[in-house]
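Chain and residue survey
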Amino acid sequence: MKSHLRENPSLNTTARQINISPSYLSKIFVTYLHTQFSTFVLNEKMAYAQKLLLHSKLSMTEVAVEAGYSSSSYFSNCFRRYTDMSPLQFRRMNIR
């Protein structure tokens, strides 16, 4: 699933790809990972975006696209809610 973050995986699509029902996949996430599917996807996207911000020279737009966001402004808003700082602030504070 991590390799498909750019495609913005949905619960229904993911369940269909592995031949189980969406409700069963949701139950698996809650039971074994103790999180909702959507929260898992968000956490993975943000972790990947943070990695890109720290270890690449990609622009904010390129990071947004690589992390599965169609809009850099939407990505920036989500990133700010997730980390309490903008992607640019995160990059500047963590690059040495």
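Before reading further, recall that the structure is shown in the block above.
As a starting point, this report considers the structure included with it. Please read all numbers here as calculations on a predicted model, not as lab measurements.

Turning our eyes to something else, we now look at the packing of aromatic side chains. Inspection of the entire model under this criterion finds six aromatic pairs. Their ring planes at 65° and their centres at 5.2 Å tell us that Phe29 and Phe40 sit as a pair that is edge-to-face. Linking Phe29 in helix H2 (residues 22-33) with Phe40 in helix H3 (residues 37-55), this pair joins segments that are 11 residues apart in sequence. Residue Phe29 is classed as buried on the basis of its relative accessible area, which comes to 8%. Ring centres 5.5 Å apart and planes at 75° place the aromatic pair Phe79 and Phe90 in the edge-to-face group.

A few words now on the packing of H3 against helix H6 (residues 87-94). The interhelical angle for the contact between H3 and H6, taken along N-to-C directions, is 55°, at an axis separation of 9 Å. Taken together, the axes of H3 and H6 are oblique relative to one another. Classified by chirality, the crossing of H6 by H3 is right-handed. Across from Gln50, Leu52, Leu53 and Leu54 in H3, the residues of H6 making contact are Pro87, Phe90, Arg91 and Asn94. Split into classes, the residues belonging to the contact of H3 with H6 amount to five nonpolar, two polar and one charged.

The biggest cluster of nonpolar side chains holds 13 residues, and the ones touching the most others in it are Met46, Ala49, Val63, Tyr69, Phe75 and Phe79. Listed by contribution, the elements that provide at least two residues to this core are H3, helix H4 (60-66) and helix H5 (72-83). Within the second largest apolar cluster, seven residues are counted, among which are Ala15, Phe29, Phe40 and Val41.

Even without being glycine, His34 reaches a positive phi, approximately 55°. As for its placement among the helices and strands, His34 is situated in the loop between H2 and H3. For His34, a relative accessible area of 66% translates into the label exposed.

So, about the packing of H5 against H6. At a minimum axis separation of 8 Å, H5 and H6 run at an interaxial angle of 60°. The pairing of H5 with H6 is recorded here as oblique in orientation. Judged by residue contacts, Phe75, Ser76, Phe79 and Arg80 of H5 engage Pro87, Gln89 and Phe90 from H6. Its residues placed into classes, the contact of H5 with H6 shows four nonpolar, two polar and one charged.

Rules and cut-offs
- Residues numbered from 1 in each chain as written.
- Predicted model: local features only at pLDDT ≥ 70, side-chain atom pairs only at ≥ 80, totals over all residues.
- Heavy atoms only, no water.
- Phe/Tyr/Trp six-rings, centres within 6.5 Å; stacked < 30°, edge-to-face > 60°.
- Helix = DSSP H or I, 4+ residues; strand = E, 2+ residues; numbered from the N terminus.
- Buried < 20%, exposed > 50% of the residue type's maximum accessible area, 1.4 Å probe, protein only.
- Axes fitted to C-alpha atoms, helices over the stretch in contact; angles between N-to-C directions.
- Parallel < 35°, antiparallel > 145°, perpendicular 65-115°, else oblique.
- Left-handed = near helix turned anticlockwise from the far one by under 90°.
- Contact = heavy atoms within 4.5 Å.
- Nonpolar A, V, L, I, M, F, W, Y, C, P; charged D, E, K, R; others polar.
- Core = buried A, V, L, I, M, F, W, Y, C linked by side-chain atoms within 4.5 Å.

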